[in-house]
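Observations on the three-dimensional arrangement
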Amino acid sequence: MKTVLIANPKGGAGKTTLSTNLAGYFASQGEDVWLWDLDKQKSALHWLSLRPDWLPPIQRLDARNKTEGKDGWLVLDTPAGIAGEPLDEALKRAHKIIVPLVPSPYDIEATRRFLEEILKHKALKKGAVDLAIIGMRVDARTKAAERLDEFLEPIDLPVLTHLRETMNYVNAAFEGKSIFDVAPSSVERDLEQWQPIIDWVER
Ligand SMILES: Nc1ncnc2c1ncn2[C@@H]1O[C@H](COP(=O)(O)OP(=O)(O)OP(=O)(O)O)[C@@H](O)[C@H]1O
Ligand SMILES: [Mg+2]
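What comes next is a walk through the structure.

Here is what the cut-offs are and how they apply
- Residues numbered from 1 in each chain as written.
- Chains lettered and ligands numbered in written order.
- Predicted model: local features only at pLDDT ≥ 70, side-chain atom pairs only at ≥ 80, totals over all residues.
- Heavy atoms only, no water.
- Helix = DSSP H or I, 4+ residues; strand = E, 2+ residues; numbered from the N terminus.
- Rg over C-alpha atoms; globule rule 2.2 N^0.38 Å.
- Buried < 20%, exposed > 50% of the residue type's maximum accessible area, 1.4 Å probe, protein only.
- Contact = heavy atoms within 4.5 Å.
- Areas by Shrake-Rupley, 256 points an atom, 1.4 Å probe, with all protein chains shown as cover.
- Lys, Arg positive; Asp, Glu negative; His and termini not counted.
- Charge placed at Lys NZ, Arg CZ, Asp CG, Glu CD.
- Salt bridge = Lys/Arg side-chain N within 4 Å of Asp/Glu carboxyl O.
- Near = heavy atom within 4 Å.
- Polar contact = N/O pair within 3.5 Å; in protein donor to acceptor, adjacent residues only side chain to side chain.
- Nonpolar A, V, L, I, M, F, W, Y, C, P; charged D, E, K, R; others polar.

Observations regarding the overall build of the protein
A count of helical and extended segments in the protein gives eight helices and seven strands. Taken against the 2.2 N^0.38 rule, which gives 17 Å for 203 residues, the C-alpha radius of gyration of the protein at 16 Å falls within 12% of a compact globule. Across its three principal axes, the protein shows a C-alpha extent of roughly 45 × 40 × 30 Å. Counting the 203 residues in the protein, one finds 50% classified as buried. Once local pairs closer than 6 in sequence are excluded, the contacts in the protein between residues at least 24 apart make up 80%. Summed over all atoms, the accessible surface of the protein reaches about 10500 Å², with 49% contributed by carbon and sulfur. Positive and negative side-chain charges of the protein, numbering 27 and 31 respectively, have mean locations separated by a distance of 5 Å.

Have a look at this one:
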């Protein structure tokens, strides 16, 4: 099972939005996909419970399930403040890690510390795990976006894309959908912004 871990210790960074949309993408491609929600708030599972039966399926996974012998993709959504053993366990499972980052001083500072911490982890040191960053809710015309770029520029990690702020994600989520489950013409720009994420994950 190829596991994509979505993590950022800051609340509201966009982890669940990213997780559910990535799971939705794999499903739309006819891939076997599981979603594991490590957050007590269970937002990703709530989203999954809203998902209409007629859409390509996403299966739920948790600690009770065995992953051995399963083929396909596992998307792991994690809670804010993840640290210590739960973080270690999640990192051990991961083949790829995506860190969504909102352009704000608090998010940038928390993310700086988080990246420092996870880069010390064995698997990441060995280069066995790919790590990338995504700018979340970024408006390119703003000072905040500039400051985000300044933070990211010297960091030796791929920045896959910036996702804009749009109700497209919110409206889709109300129906248990991802942007890959709605009319492509209504989310054209968002699909474009997602392409580098897809290329990197599938690489
Ligand atoms: N690109 C976007 N455009 C508009 N709204 C967004 C976008 N990304 C996320 N949101 C909204 O921002 C809020 C926080 O996003 P989300 O729940 O995905 O973050 P999170 O990191 O999972 O939060 P938590 O740490 O609480 O689990 C949600 O209301 C979500 O719908
Ligand atoms: Mg969440």
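Examining the environment of Ala110
In this fold, Ala110 is placed in helix α4 (residues 105–118). Spatially, the C-alpha atom of Ala110 lies 15 Å from that of Ile98, the residues being 12 residues apart in sequence. Residue contacts for Ala110: discarding those within four places in its chain leaves Pro9 and Lys10.

A closer look at the pattern of salt bridges
Scanning the entire structure with this criterion turns up 14 salt bridges. Between Asp62 and Arg60 there is a salt bridge, and its shortest N-O distance comes to 3.8 Å. Arg137 is paired through a salt bridge with Glu165; the nearest N and O atoms lie 3.0 Å apart. With Arg137 in the loop between β6 (130–136) and α6 (143–152) and Glu165 in the loop between β7 (159–163) and α7 (167–174), this pair connects stretches of sequence that are 28 residues apart.

So, the side chain of Lys177
Positionally, Lys177 belongs in the loop between α7 and α8 (188–202). Not counting the four nearest positions on each side in its chain, Lys177 is found in contact with Trp47, Arg51, Pro52, Trp54, Leu55, Ala172 and Val182.

Digging into the site of ligand 1
Ligand 1 sits among 17 residues. The nearest are Lys15, Thr16, Thr17, Arg137 and Arg164. Residue Arg137 places a side-chain N or O atom 2.7 Å away from an oxygen atom belonging to ligand 1. Within the contact set of ligand 1, a nitrogen atom lies 2.9 Å away from a backbone nitrogen or oxygen of Arg164. In the complex, 78% of the free accessible area of ligand 1, which totals 630 Å², lies under the protein chains. Listed by contribution, the elements that provide at least two residues to the shell around ligand 1 are α1 (15–28) and α7. For the shell around ligand 1, the leading source of residues is α1, giving three residues. For the shell around ligand 1, the per-class residue count stands at five nonpolar, six polar and six charged.

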